[in-house]
Amino acid sequence: MNPFEITTYKEYQDSYENAKNNPERFWDDIASHYSWQKKWSKTLNWDFKGPKISWFEDGKLNITENCLDRHLKKNGESTALIWEPNNPKEPELRMSYYELHSAVCRFANVLKSRGIKKGDRVAIYMPMIPELTIGVLACARIGAIHSVVFAGFSSQALTDRINDSTCCAVLTSDGMYRGAKNLAIKTTVDEALKSCPSVKTVVVVKRDNRNIQWTHGRDIWHHEAVENISDFCPAEAMDSEDVLFILYTSGSTGKPKGVVHTCGGYMVYAGYSFKNVFQYKAGDIYWCTADVGWVTGHSYIIYGPLLNCATTLMFEGIPTWPTASRFWEICDKYSVNQFYTAPTAIRSLMALGNKWVEGFSLKNLKVIGSVGEPINKEAWDWYDKMIGKSNCPIVDTWWQTETGGIMISGLGNLSEQKPTFAGKPLPGIEPVLLDINGREILDDGIEGHLCVKFPWPSMLRTIYGNHQRCKDVYFSNYDGYYFTGDGAKREEGMYRIIGRVDDVINVSGHRFGTAEIENAINSSTLVTESAVVGYPHAIKGQGIYAFISLEAGDHNEIDVNNSIISAVVGSIGHIAKPDIIQIAPGLPKTRSGKIMRRILRKIAEGNTKDMGDTSTLLDPSVIDSLIKGKK
Ligand code: PRX
């Protein structure tokens, strides 16, 4: 049996047992599937206390050789990338493995010509265009560490991320298209770079041909730079534990954290999980609708598919433009076989009605996937019936930026399905549910904190520049376990993810720390204090509810709302705008000054019958006024 390619449920079960009983041998077998410049000497060294985790020690590799060079001999002419532009009237682009390899090497040589080298950090702030994928791989080719920042983040958020890891370059474009919008992305970069002294190079891809400001000596056009440059670029020899990328994600406290992934382990797991979860077969057309700005795009638009010599489709636009049929049009246009999206997209398309789906055959779909947030039964059923035509397995994939790859999920059509349950762990993954005392919950149906008790190759290694934070957030809540921050329960070996148990809100599959949004709101001069909680939202999964205390004086509500919204948009971006703002005479605080969020959550949910113990509140009458003022 080849565990890289699990083809029956029995093989899944056997692989699971093998991985549990002899993890090093299991992962050795999987890793041997890739090409290494030098074989590793030790498969695994680990200690969750440090934490100190290393996989495939002393191994040398380059992930781009595995994504590209390895396929050239036999499959150089196969399509690696299909790019569907925002505007359906614009022609699509197809790149073979040869072409992608050549484009990556050219871009890599451009980076080198600017003095960028192994270990340097490069920020990528780009729309969903082929140069984004090429730029990511170009960094990996020369051993530069990519830090992709979702292009919906504000200039301030970009500044913070660039400075946190002192990036020396930014890859971007002049403008970008998103549905009916045409946005000035380079202007955002220029604004961000006013406070980023480390950035010496900005590579600009021409996308919409708009007039842009130019900083001579710093800015270069991508199309000019790649023109007269060699497409021969040897792949840098990377140690398994050298950093491949940093990706920022929100936690319950402080600023977003730079999650660090390393070359060897990430590669091994991204390829293995892609192959098995999606049951990808040669010739299939695979489409993940995520943005490369999030981890899903890293692992399952770029690395996972290319490691498997797959054809990966990249879409620049949005599901509802020009019409709400766009996803299904694309599925039919390219005969998509595997389709991977988020519950928010499913719910919003479901809400617009079946007429947008009817008339599309979707007949090539073999596996449809979901990621990013819990999928409710109604959305699951609609996805199953309307998109899968009751004939496609749904893989509800649970994982995180920190896990690097899918941890809990069905494997294509091999696994049994249970709506709203993500399913069983992949072979090599050992999840557990812990109670608040840190004891493993063995019985079915009881909710606990989801943890993992054994390392896997693509787990985060650290938080960039702050190892202590990595230890505190993930390895200190429960001794000897990786703590996910999620609550879950189990039935017959299948896991149902309930949601975050920390102060993280998951809005449309995007993670925000409540503290992060509060800090943004508090920067408005009108605000003295704020508290942000999540509440159930029919489309977004969770919405953002902000309770605000204002400076003394008369305030016009519209002005207050505008000031708060612009504070959030400026410091984080449109995606973090509060859905509901309630001006409150006071916030419910304990005598020691701590805000009782539990109470605010209940008010936001409209669940005010039983407030629980409020005896520690400094002023219990605050509750009534908050309930009266509920929006
Ligand atoms: O709460 C879980 C939720 O998304 C969180 C991870 O967010 P992020 O790092 O941004 O990565 C999202 C894409 C991998 C998790 O802690 N989550 C992710 N997938 C699921 C999910 N919740 C329920 N079901 C899922 N399938």
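Just so we're clear, the structure is a prediction, and the values are computed from it rather than from any experiment.

1. Structural notes on the packing of aromatic side chains
Under the defined criterion, the tally for this structure stands at 43 aromatic pairs. Ring plane angle 75° and centroid distance 5.2 Å describe the contact between tryptophan 27 and tyrosine 272, whose orientation is recorded as edge-to-face. Of this pair, tryptophan 27 sits in helix H2 (residues 23–31) while tyrosine 272 sits in helix H9 (residues 263–278), and the two are 245 residues apart along the sequence. For the residue pair tryptophan 27 and tyrosine 272, the accessibility class agrees, reading buried in each case. Between phenylalanine 274 and phenylalanine 278, the aromatic rings sit 5.6 Å apart at their centres with planes inclined by 40°, giving tilted as the arrangement. Linking phenylalanine 274 with phenylalanine 278, this pair stays in helix H9, spanning 4 residues, or about one helical turn. Summarising the burial analysis for this pair, phenylalanine 274 and phenylalanine 278 share the class buried. Through successive ring pairs, a cluster of aromatic residues spans Phe26, Trp27, Trp36, Trp40, Trp55, Phe56, Tyr269 and Tyr272. The positively charged end of lysine 39 is found above the aromatic ring belonging to tryptophan 40, 4.8 Å away from the centroid.

2. Observations regarding helix H16 (residues 557–571)
With 15 residues, H16 should reach 21 Å at 1.5 Å per residue; the first-to-last C-alpha distance of 21 Å fits that figure. Turning to H16, its buried residues are Val560, Ser563, Ile564, Ala567, Val568 and Val569. If you follow the buried residues of H16, they end up packed against helix H15 (514–522), strand E28 (527–537), strand E29 (541–550) and strand E30 (580–583). Two or three places before isoleucine 558, at the opening of H16, asparagine 556 has a side-chain oxygen 2.7 Å from that residue's backbone nitrogen. Glycine 573 lies just past H16 and shows a positive phi near 145°.

3. Some details on the site of the ligand
If you check the shell around the ligand, you find 17 residues, and the closest are Asp396, Thr397, Thr401, Asp486 and Arg511. Threonine 401 is positioned such that a nitrogen or oxygen atom in its side chain is 2.6 Å from an oxygen atom of the ligand. At a separation of 2.7 Å, an oxygen atom of the ligand approaches a polar side-chain atom of aspartate 486. Protein coverage of the free-state accessible area of the ligand, which is 540 Å², stands at 96%. Each residue belonging to the shell around the ligand can be placed in one class, and the counts come to 6 nonpolar, 6 polar and 5 charged.

4. Here's the deal with the nonpolar core
Membership of the largest hydrophobic core comes to 119 residues, with the highest contact counts inside it found for Phe278 and Tyr303. Broken down by element, this core gets its largest block of residues, 10 residues, from H9. The two domains that each donate at least three residues to this core are domain 1 (64–236) and domain 2 (268–499). If we ignore the near neighbours within four places in the chain, the residues touching phenylalanine 278 are Ser273, Tyr286, Tyr300, Gln338, Tyr340, Val367, Val395 and Ile406.

5. Some words on the pattern of salt bridges
Tallying each qualifying case throughout the model produces 36 salt bridges. For glutamate 92, the salt bridge identified is with arginine 94, shortest N-O distance 3.6 Å. With a relative accessible area of 45%, arginine 94 lands in the partly exposed category. Across the salt bridge formed by lysine 118 and aspartate 242, the nearest N and O atoms sit 3.2 Å from each other. Of the two residues, lysine 118 sits in the loop between helix H4 (97–113) and strand E6 (121–124) while aspartate 242 sits in the loop between strand E13 (238–239) and strand E14 (243–249), which places them 124 residues apart along the sequence. Residues participating in the shared-partner salt-bridge network are Glu84, Glu92, Arg94, Arg326 and Lys333.

6. Side note on the environment of glutamate 605
Its location among the elements puts glutamate 605 in helix H17 (residues 597–605). With 74 residues separating them in the primary sequence, glutamate 605 and alanine 531 have C-alpha atoms 15 Å apart. Dropping the residues within four chain positions of it, glutamate 605 is found in contact with Tyr535 and Pro536.

7. Some remarks on the sheet that holds strand E5 (residues 93–96)
Spatially, E5-E4-E17-E16-E18-E19-E20 is the arrangement adopted by the 7 strands of the open sheet, whose pairing is mixed. Across the chains shown, the open sheet's two edge strands, defined by having one partner strand only, are E5 and strand E20 (394–397). Strand-to-strand twist in this sheet, taken as the mean axis angle between neighbours without regard to direction, amounts to 20°. Judged from the 4 bridges that link them, strand E4 (residues 79–84) and E5 form a sheet pairing that is antiparallel. Counterpart to isoleucine 82 in the pairing with E5 is arginine 94.

8. Here's the deal with the sheet that holds strand E23 (residues 462–463)
Taken together, 8 strands build an open sheet; the order of strands is E12-E11-E8-E6-E7-E14-E15-E23 and the sheet is mixed. Among the strands making up the open sheet, the edge pair consists of strand E12 (219–221) and E23. Judged from the 2 bridges that link them, strand E15 (residues 257–262) and E23 form a sheet pairing that is antiparallel. Paired with valine 259 across the strands is isoleucine 463, a residue of E23. Sheet strands in contact with helix H10 (residues 295–307) are strand E7 (145–148) and E14, and its direction is about 140° off that of E14.

9. Quick notes on the side chain of arginine 218
Residue placement: arginine 218 occurs in the loop between strand E11 (201–205) and E12. Under the relative-accessibility criterion, arginine 218 is labelled buried at 14%. A distance of 2.7 Å separates polar atoms of two side chains, one belonging to arginine 218 and the other to aspartate 219. For arginine 218, the residues in contact, after removing those within four places along its chain, are Arg114, Lys186, Asp190, Leu193, Lys200, Thr201 and Val202.

10. Let's talk about the domain arrangement of the protein
In many analyses, interface size is given as the accessible surface area lost on bringing the parts together. Considered domain by domain, the protein is made up of domain 1 (64–236), domain 2 (268–499) and domain 3 (508–628). The distance between the C-alpha centroids of domain 1 and domain 3 comes to 38 Å. Buried surface at the junction of domain 1 and domain 3, both sides included, amounts to about 440 Å², of which 58% is carbon and sulfur. Sorting the residues of domain 1 by area buried against domain 3 places Phe150, Phe153 and Ser154 first, and these three jointly supply 61% of that buried surface. Remark: the boundary between domain 1 and domain 3 carries 0 salt bridges. Here the residues of the side of domain 1 that touches domain 3 are counted per class, giving 3 nonpolar, 3 polar and 1 charged.

Quick notes on the rules
- Residues numbered from 1 in each chain as written.
- Predicted model: local features only at pLDDT ≥ 70, side-chain atom pairs only at ≥ 80, totals over all residues.
- Heavy atoms only, no water.
- Phe/Tyr/Trp six-rings, centres within 6.5 Å; stacked < 30°, edge-to-face > 60°.
- Helix = DSSP H or I, 4+ residues; strand = E, 2+ residues; numbered from the N terminus.
- Buried < 20%, exposed > 50% of the residue type's maximum accessible area, 1.4 Å probe, protein only.
- Lys NZ or Arg CZ within 6 Å of the ring centre and 35° of its normal.
- Expected span 1.5 Å × (residues − 1).
- Contact = heavy atoms within 4.5 Å.
- Polar contact = N/O pair within 3.5 Å; in protein donor to acceptor, adjacent residues only side chain to side chain.
- Near = heavy atom within 4 Å.
- Areas by Shrake-Rupley, 256 points an atom, 1.4 Å probe, with all protein chains shown as cover.
- Nonpolar A, V, L, I, M, F, W, Y, C, P; charged D, E, K, R; others polar.
- Core = buried A, V, L, I, M, F, W, Y, C linked by side-chain atoms within 4.5 Å.
- Domains from an automatic or database assignment.
- Salt bridge = Lys/Arg side-chain N within 4 Å of Asp/Glu carboxyl O.
- Pairing = 2+ DSSP bridges.
- Axes fitted to C-alpha atoms, helices over the stretch in contact; angles between N-to-C directions.
- Buried area = accessible area lost by both parts, 1.4 Å probe.

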